[in-house]
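Close look at the chain arrangement
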Amino acid sequence: MKKYTYPDISQWSSICERPTFDLSEMEGKVKAILNEVKEFGDQSLFTMSERFDGVTLESLALDLSGQNFEIDADLADSIRTAKANIEMFHISQEEEVREIETMNGVRCWRKSVAIQNVGLYIPGGSAPLFST
């Protein structure tokens, strides 16, 4: 991680600049991967893991329970700060369930409900974020 301490204002634009590239050349490759997944399902993920990462998977589930990871203290502080900010943001979105009676005997409400399991792939690219 590259750190900047009180950089000169003239550097701000270049520091905040993200690398770019022409996405059109990637489109064909991504379409081929998506088509393969549509056709062969999870089996294609095992195949692609070997092809792209050189890793033979036994399962698509990841279990990190019981693992002990050593990380830099500054990074750990950054992660804790990001976690606190993310939690504060999402806690502020909690809503009280309010019922209304739209007509005699008809009660309506909106309620957010957590789901049991979900699988996501969120590409981090050149700027991976703790929130992802």
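Below, the structure is looked at part by part. (Residues numbered from 1 in each chain as written. Predicted model: local features only at pLDDT ≥ 70, side-chain atom pairs only at ≥ 80, totals over all residues. Heavy atoms only, no water.)

1. Brief notes about the overall build of the chain
From N to C terminus, the chain includes four helices and two strands. When its helices and strands are written in sequence order, the chain yields α-α-α-α-β-β. Taken against the 2.2 N^0.38 rule, which gives 14 Å for 132 residues, the C-alpha radius of gyration of the chain at 22 Å runs more than 25% over that of a compact globule. Reported as C-alpha extents along the three principal axes, the dimensions of the chain are approximately 60 × 50 × 40 Å. Burial status across the chain gives 5% buried among its 132 residues. Of the contacts formed within the chain by residues at least 6 apart in sequence, a portion of 21% connects residues at least 24 apart. Put simply, the chain shows about 12800 Å² of open surface, and 55% of that area lies on carbon and sulfur atoms. Counting 13 positive and 22 negative side-chain charges, the chain places the centres of these two groups 5 Å from one another. (Helix = DSSP H or I, 4+ residues; strand = E, 2+ residues; numbered from the N terminus. Rg over C-alpha atoms; globule rule 2.2 N^0.38 Å. Buried < 20%, exposed > 50% of the residue type's maximum accessible area, 1.4 Å probe, protein only. Contact = heavy atoms within 4.5 Å. Areas by Shrake-Rupley, 256 points an atom, 1.4 Å probe, with all protein chains shown as cover. Lys, Arg positive; Asp, Glu negative; His and termini not counted. Charge placed at Lys NZ, Arg CZ, Asp CG, Glu CD.)

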